[in-house]
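A structural walkthrough
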Amino acid sequence: MVRLRVLIVVFSLWLTLLFNIERPDIIALNLSSIVYVLAAGFVIATLLLPDLSTMRLELLFGGTGILYVFMRLLAFNDGSSLPVVILIEVVLLTATILLGRLISSVVTNFEHVFESVVTGAEDTRAHSMITGEDEMNTELFRARRFNRPVGFIYFRVEVLTQAHSRTDVLFNYEAILQRRYLRNRVSRIAEAALYMNELVVWYGDNVLVCLPESTPENTAAVEQRIKDLIWLSLNVKVPTGTANFPEDGFVLKDLVKKAIQRADDATDNNTANAIRRPTSVDTGNTGTQSQLPNRQVNMFQSLQTIFGPGFPQPSRLAPQFDGVGVDALNATPYFHPNFWANQLPYQSASARYIYLRVKRMFDIGVVALTLPFLLPLTLVVAGLILLDDGRPIFYMQKRTGVGGHKFKMYKFRSMIRNADQKLAELNVTVNERGETINERGEKLENDPRITRVGKILRKTSLDELPQVLNVLLGQMSLVGPRPTSFGVEKYPLFHTERLNVPPGITGLWQIYDRGDTDFDNRLIWDIKYIEKLSLALDLQILVRTALRVLRHHGAR
């Protein structure tokens, strides 16, 4: 703010000097009227064009120079056409352009920060229209080259706002912030239902989603899922339209036009009705669904102090809509827009690079801090195993780690000795995914091979304690996808995504669906973790894992 004030003062003094330079008591320099016209025009452009600061200097100088030369040619007989005067005029215009561009840059950055904090724009991975169109054209190029489909979904968010006239759209700051807030909120909701390679683009005040390699059927399914999530979160039906390459067009412009046309057709039929919100979704948050983050609420309080009580309340950014119930989304928090992991920001490439190198030190540091507690606990557990069933204390098994490489994972033994040889006697088998199943192919709930102490260890997850050694050896991490007992030869190609990061002792799957889902469903939790990699995520998972173990949830 200080820099902005200083620049405004300097720019004001410079313009005062420029427009009074002919006065005898200043410099008494007779300049051409062209200089004043161009300088005034550039000042207006500085205030009205927010993208002026992003233009390359050579373009600004080139455009101004062409105008100056053209106007000079028209005013060739002007008495101020001496070479020295022309040189001074060029220097003055150059200084004006540099100062104007600098102040435009500061104002634009301030507006971006202001809007990002107030509306939550910094928490989304959505692309701007310019960047998004470039990314979508890249996807279309791949689709043409490899003969693959691409789906597009257009969300007409602007119809949800309370702007009633063109004046409101342009000059009513409450209406402007409301449109931006709703656009960013819909972006976040869409991200919760999408994979990281699927694009979310701000298309003006609306949202456009690009789905690489998506058939019309899949595009329609994703559209319905996101509409349900918006309905759940904002209590409103958003008009949407879809388009697919190549069925609906061959170029981006035609595909977007088709999606917008279908959204327009749906607009008149999307009146909202009263809804019942599902309450059984565990989002991990204690606040209500409509509650803004504390950071945004604090920012609003600061802005109200600056601008007075007329500044809009946070609740006025999101209009109170009516709608109908959504029952299909109450089974898992994975797709819920208010699920705490979905609300974590996506990390930049540089942040992920730093994280992957700091993660090893983080793991060792946490293990070192907890070692005074872990060592006595390990001795107690080892003693209980010896008393209950004798040696061996540990059980070692080959597991699949990062990149598909095998390593030896350590656990406390929770089954009787020679448990593998007892399989035939019990008429059970181990399937290709390491699960013990009966003759009907059902997962065995109460395995008789588990010892008395083993039941306690599994219930409390203490059988995983020796994997701290795997962490110290660098074969595992504290947090990550769970390593599998089967090799990569049994992995469908899509499942190999989880091999990008080191396996972990705990993860999102252990917190929310441990023992309650098959491997295909477990994969979506692994992908969510990989997409949101950060130390903040690791810390939350560790804390939530400890709380879940204390409550004895999910272990079998």
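Residues numbered from 1 in each chain as written. Predicted model: local features only at pLDDT ≥ 70, side-chain atom pairs only at ≥ 80, totals over all residues. Heavy atoms only, no water.

A short note on the overall build of the chain
What counts is decided by this rule: Secondary structure elements are taken from DSSP: a helix is a run of H or I of four residues or more, a strand is a run of E of two residues or more, and numbering for both begins at the N terminus. The buried label applies to any residue whose accessible area, calculated with a 1.4 Å probe on protein chains only, is under 20% of its type's maximum; exposed applies above 50%, and partly exposed to all values in between. Residue contacts are defined here by distance: any two heavy atoms, one from each residue, within 4.5 Å place the two residues in contact. In short, Shrake-Rupley with a 1.4 Å probe defines the accessible areas, and a residue's cover is counted only from the protein chains shown.
A tally of regular secondary structure across the chain gives 17 helices and 10 strands. For the chain, the proportion of its 556 residues judged to be buried stands at 46%. Look at the contacts in the chain between residues 6 or more apart in sequence, and 73% of them connect residues 24 or more apart. In the form shown here, the chain has an accessible surface area of approximately 29,100 Å², with 60% of it arising from carbon and sulfur atoms.

Thoughts on the pairing of strand 1 (residues 150-155)
As a reminder, the rule being used: DSSP-based pairing: two strands are paired if at least 2 bridges between them are found.
Counting buried residues in strand 1 gives 6 out of 6 residues, a clear majority hidden from the surface. Across the two faces of strand 1 the burial is the same, with V150, F152 and Y154 and G151, I153 and F155 all buried. In the sheet, strand 1 pairs with strand 3 (residues 206-212) via 6 bridges, with the strands oriented antiparallel. Considered in strand 3, the bridge of I153 is made with V209. Bridge count for strand 1 against strand 4 (residues 240-245) is 6 bridges, and the pairing is antiparallel. Looking at strand 4, one finds that F155 is bridged to T240.

Digging into the environment of L550
One can find L550 in helix 17 (residues 535-551). Owing to a relative accessible area of 67%, L550 belongs among the exposed residues under this scheme. Sequence-wise, L550 and T460 are 90 residues apart; in three dimensions their C-alpha atoms are separated by 7.3 Å.

Topic: the nonpolar core
Here is the rule we go by: What is meant by a nonpolar core is a set of buried Ala, Val, Leu, Ile, Met, Phe, Trp, Tyr and Cys residues, joined one to another through side-chain atoms within 4.5 Å.
Counting residues in each nonpolar core, the largest one holds 35 residues, and the members touching the most others are W340, Y529 and I541. Counting 24 residues, the second largest nonpolar core, distinct from the first, contains L182, A190, L194 and L234.

Description of the sheet that holds strand 2 (residues 199-203)
Note the cut-off: Only the contacting stretch of a helix is used when fitting its axis, a line to C-alpha atoms as for every element, and angles between N-to-C directions run 0 to 180 degrees.
Read from one edge of the open sheet, 4 strands run 2-3-1-4, paired in antiparallel fashion. The open sheet has two free edges, formed respectively by strand 2 and strand 4, since each of these has just one partner strand. Pairwise comparison of adjacent strand axes, ignoring direction, gives a mean angle of 20 degrees for this sheet. Relative to strand 3, strand 2 is paired through 5 bridges, and the arrangement is antiparallel. Along strand 3, the bridge assignment pairs Y203 with N206. Sitting on the sheet, helix 5 (residues 129-146) touches strand 1, strand 2, strand 3 and strand 4, and the angle it makes with strand 2 is about 135 degrees.

Overview of the side chain of R183
Where we set the bar: Distance and chemistry together define a polar contact, namely a pair of N or O atoms within 3.5 Å, with one atom able to donate a hydrogen and the other to accept it when in protein, and with adjacent residues in sequence counting only for side-chain atoms on both sides.
By the element assignment, R183 lies in helix 7 (residues 173-192). In terms of polar contacts, R183 uses its side chain to reach the side chain of N184, at 3.3 Å.

Function cannot be read off these values alone, since they describe shape.
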